[in-house]
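Below are the chains, spelled out letter by letter.
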Amino acid sequence: NGERCEFAKKVLAELVALVTQAEQDTAALKTTAAPVLESKIMSEEDARTAGKAVSEVSVAAKASCKACSDFIVERRMNIDSVKPPLLAPLREEQLKIQERIQECYKIVVSSTISAKVMIDKAVKKTAATKTLEKRTSAFEKYNGKREVMTIDEILAYAKGEYAFPFSKEAAAVVAKKYGDGKSVPRVHFQRIKVAVGIAREEEASRARKKEAELKRLALEAKKKAIEADIQKVADVLAEAEPAVAKAEEAGKTEQLSRDYLNATPDKDAVTAATESASAALKDAQDELGAVRTRLSDLVSSADDDVKQWVIIEIRKVEMKVSAMEARLVQTGQAGERGRHCLQMLEAKELQAAKIEVARLLRSKKLDIEELFKAADKDGDGVVNLVDFTALTEGCEGCKLSGEKIEQVYNMYNDGGSGSGFSKETLFLASRSYYFVAAETVLSSTENLEGDTVRRLELKELLEVLEGPVEEASTKISRVRCRAVFDGVEGWVTMAGNNGTVYLMASDGILEVAREVPITDALDQGNVLRQLSHGEKLEVLEWDKKTTFEDVRVKVKVKGSTDMGWVTRASADGIQYLKIQ
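So, here is what we can say about the structure in this document. (Residues numbered from 1 in each chain as written. Predicted model: local features only at pLDDT ≥ 70, side-chain atom pairs only at ≥ 80, totals over all residues. Heavy atoms only, no water.)

### Overview of the overall build of the chain
Working step 1: From N to C terminus, the chain includes 16 helices and 16 strands.
Working step 2: In terms of overall size, the chain is more extended than a compact globule, its C-alpha atoms giving a radius of gyration of 57 Å where 580 residues would be expected to give roughly 25 Å.
Working step 3: Summarising the internal contacts of the chain: among those between residues at least 6 apart in sequence, 62% fall at separations of at least 24.
Working step 4: In the structure as shown, the chain presents an accessible area of about 33200 Å², 53% of it carried by carbon and sulfur atoms. (Helix = DSSP H or I, 4+ residues; strand = E, 2+ residues; numbered from the N terminus. Rg over C-alpha atoms; globule rule 2.2 N^0.38 Å. Contact = heavy atoms within 4.5 Å. Areas by Shrake-Rupley, 256 points an atom, 1.4 Å probe, with all protein chains shown as cover.)

### Structural notes on the sheet that holds strand β13 (residues 536–545)
Working step 1: Strand order across the open sheet formed by 7 strands is β12-β11-β15-β14-β13-β10-β16, with antiparallel pairing between neighbours. Lying at the two open borders of the sheet, with one neighbouring strand each, are β12 (527–531) and β16 (577–579). Adjacent strand axes in the sheet meet at a mean angle of 45 degrees, parallel and antiparallel pairs treated alike.
Working step 2: Inspection of the sheet shows strand β11 (residues 516–519) paired to strand β15 (residues 563–569) by 2 bridges, in the antiparallel sense. By the bridge assignment for β15, I518 is matched with V566. (Pairing = 2+ DSSP bridges. Axes fitted to C-alpha atoms, helices over the stretch in contact; angles between N-to-C directions.)

### Section: the nonpolar core
Working step 1: Core analysis: the biggest nonpolar cluster contains 30 residues, and L237, L288, V291, L295, V310, V317 and L328 have the highest contact counts within it.
Working step 2: At the level of secondary structure, the elements contributing two or more residues to this core comprise α6 (189–239), α7 (241–250), α9 (267–301), α10 (304–313) and α11 (315–327).
Working step 3: The element contributing the most residues to this core is α9, with 10 residues.
Working step 4: If near-sequence neighbours (up to four positions away) are discounted, L328 is found in contact with V244, A247, L281, A284, Q285 and L288. (Core = buried A, V, L, I, M, F, W, Y, C linked by side-chain atoms within 4.5 Å. Buried < 20%, exposed > 50% of the residue type's maximum accessible area, 1.4 Å probe, protein only.)

### A short note on the side chain of S111
Working step 1: Counting through the fold element by element, S111 comes out in helix α3 (residues 87–143).
Working step 2: At a separation of 2.7 Å, a polar atom in the side chain of S111 contacts the main-chain carbonyl oxygen of I107. (Polar contact = N/O pair within 3.5 Å; in protein donor to acceptor, adjacent residues only side chain to side chain.)

### Considering unusual backbone geometry
Working step 1: The omega torsion across P84 and P85 is 5 degrees, close enough to zero to call that bond cis.
Working step 2: Structurally, P85 is set in the loop between α2 (44–80) and α3.
Working step 3: The peptide bond linking G467 to P468 adopts the cis configuration, its omega dihedral lying at 5 degrees.
Working step 4: Along the polypeptide, P468 turns up in strand β6 (residues 461–470).
Working step 5: Despite not being glycine, K459 has its phi angle at roughly 70 degrees, a positive value.
Working step 6: For K459, the location among the structural elements is in the loop between β5 (452–456) and β6.
Working step 7: The backbone of K475 sits at a positive phi, close to 60 degrees, despite the residue not being glycine.

### Things to note about the pairing of β13
Working step 1: Examined bridge by bridge, strand β10 (residues 509–512) and β13 share 3 bridges and lie antiparallel to one another. Counted as the bridge partner of L510 is L537 from β13.
Working step 2: As defined by bridge partners, β13 adjoins strand β14 (residues 551–557) across 6 bridges and the pair is classed as antiparallel. Looking at β14, one finds that K545 is bridged to V551.
Working step 3: Linking β13 to β14, which pair antiparallel, is a turn of 5 residues; within it E549 sits at a positive phi near 70 degrees.

### Some remarks on the packing of helix α4 (residues 151–162) against helix α5 (residues 168–178)
Working step 1: As a packed pair, α4 and α5 sit with axes 9 Å apart at the nearest point and diverge in direction by 120 degrees. Relative to α5, α4 is oriented oblique. Read as a crossing pair, α4 and α5 show a hand that is right-handed. Mapping the contact onto sequence places I151, D152, I154 and L155 in α4 and K168, A171, A172 and A175 in α5.
Working step 2: Grouping the constituent residues of the contact of α4 with α5 by class yields 6 nonpolar, no polar and 2 charged. (Parallel < 35°, antiparallel > 145°, perpendicular 65-115°, else oblique. Left-handed = near helix turned anticlockwise from the far one by under 90°. Nonpolar A, V, L, I, M, F, W, Y, C, P; charged D, E, K, R; others polar.)

### With respect to the layout of surface pockets
Working step 1: Empty space within the largest pocket amounts to approximately 630 Å³.
Working step 2: Around the largest pocket, the lining comprises 30 residues; the ones closest to its centre are R362, S430, E463, V464 and L465.
Working step 3: If you tally residues by element for the lining of the largest pocket, the top one is β6, at 7 residues.
Working step 4: For the lining of the largest pocket, the residue count by class is 13 nonpolar, 4 polar and 13 charged.
Working step 5: Estimated volume of the second largest pocket: approximately 260 Å³. (1 Å grid on protein atoms, 1.4 Å probe; cavity = no way out; pocket = protein on both sides within 12 Å on 5 of 7 lines; lining within 4 Å. Points joined across faces, edges and corners; volume = space filled by probe spheres on them.)

### Brief notes about helix α13 (residues 368–375)
Working step 1: Looking at α13, one finds that the buried residues are L371, F372 and A375. Along α13, the residues classed as buried sweep out an arc of 95 degrees about the axis, all on the same side.
Working step 2: Those residues of α13 that are buried are in contact with α12 (329–363), α14 (385–393) and α16 (423–429).
Working step 3: Looking at where α13 begins, the residue whose side-chain oxygen comes 3.1 Å from the main-chain nitrogen of E369 is D367. (Arc of directions from axis to C-beta.)

### Digging into empty space enclosed by the protein
Working step 1: This structure, assessed with the given rule, holds 1 cavity of 30 Å³ or more.
Working step 2: Of the pockets and cavities examined, the largest cavity occupies roughly 60 Å³.
Working step 3: Looking at the largest cavity, the residues that line it are V11, L12, L15, F71, I72, R75, R76, I79 and Q94.
Working step 4: When contributions to the lining of the largest cavity are tallied by element, the ones reaching two or more residues are α1 (2–38) and α2.
Working step 5: Per-element accounting of the lining of the largest cavity gives the leading share, 5 residues, to α2.

### Concerning a negative patch on the surface
Working step 1: A cluster of acidic residues, D235, E239, D283 and E287, forms a negative patch at the surface.
Working step 2: For the negative patch, the elements supplying multiple residues, two or more each, are α6 and α9.
Working step 3: Within the element layout of this structure, D235 appears in helix α6.
Working step 4: Of the residues examined, D235 reaches a relative accessible area of 38% and is grouped as partly exposed. (Patch = residues over 30% accessible without salt bridge, like charges linked within 9 Å, V, L, I, M, F, W, Y side chains within 5 Å. Salt bridge = Lys/Arg side-chain N within 4 Å of Asp/Glu carboxyl O. Lys, Arg positive; Asp, Glu negative; His and termini not counted. Charge placed at Lys NZ, Arg CZ, Asp CG, Glu CD.)

Okay, here's the thing in structure tokens:
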């Protein structure tokens, strides 16, 4: 314990040395701050100079005080480790040293704070002095350095300093209130400034009110003008009512009703009704569209200060437009129904014409070489429209118009864009197909008493060889067909007396179900190219088996001149082509 006591005394001795240094530094700070603390009047420049000196000296004083505090914190355990009774005198000395440190801190704080306060006072005083000097300067500028300012001088002051026309009556009130009625003494110059300031604010307030009123009146004028424009648009909308009503009625005509169109519609009646409804609908939509355009123009041309108001105001008209447009929806739907029906009728007519052309060409009973030679009169190697028309019209019993023959020609001639078609295409035009729509049979003869060759499966594809012809006793149409997948031939009834449809027209088109090559020969030919999924194929020769038992067909790729052999079904049952 004695050794610890001796060591603690050494520690305290070191602390005393630090405190002595701190006291010297704070004494220097106190000396430096004395001019600031003792002076009651100090210029701003002198205050700032003294403050800078105090600040520089205070740095060392603060550092010395901090060194003492840090030493106590770090070495406290050296004193606390001493046991009684030797601890008591050490603790007493320690407390005395700490009091000296606290005193140093007080000097540092009071000196720096006092210096700052004095500087702030000096700065404020300087500012106040400058303000007073400015006021005095302004006062003397207009009164010739006298102690009073007359009414005329007050007016000159307001005009010169603020470019404000202070009224003589107001100046007289100020002179009466703060002077002898004719002038105001220097001591009340601030009152003059306040009075002028109040008068300026009142004038500014009146100007703002006047400007606001002018804006309000201008805004009201704008709104009235726009209201008149909106009313004009509303009048135009009212004038559109007859066109909307007409279109509405046109859409309700019987010839465009679902019941009529789903029955046996008359093409001319549907055409007339569709054209009438479309024309009436367009007229009504044009008039309503013009109204919407005018409403949009009102919004786009409106100034920013009324734009939102315009948007709200035109909503009433827009709602009426929307209501009228809703009334036209049924007419639009009716027109769509009519156009769809006409497309279906035209497709049926074209299909019928196609079948009839094929029947007429087959009626010549020529093979493909002979048929092509008969068609290609000019010997140029292609069948053009003139050739095709002459060949078809030359068939016995042809009742097709030139327009229908041209439509059929265009079906095979890439929509009419080609220069003519080949022998293979003419061969395709001479063929027609049906698919089985209801269960029936192939029979051996044209009349119904013939033997059954075999039953036909639903959706089975049949190639027409002869007919249609009317069966003598029943007047039922029958055709001689060949089942394309097994080559079996026979006669089939197209439709029964009770309305049952057994056969329906088909294009006989095959569609690529999975990628497959097209080659130039039935067996082991050269690959021309790969056919992609979805490509359409017109059949020139139906199912032929290869040495590998694959079923292949000779085809022409629809929409191109590519021709060759394609596997329809492989020997292991993979289907590459399907009937469209």
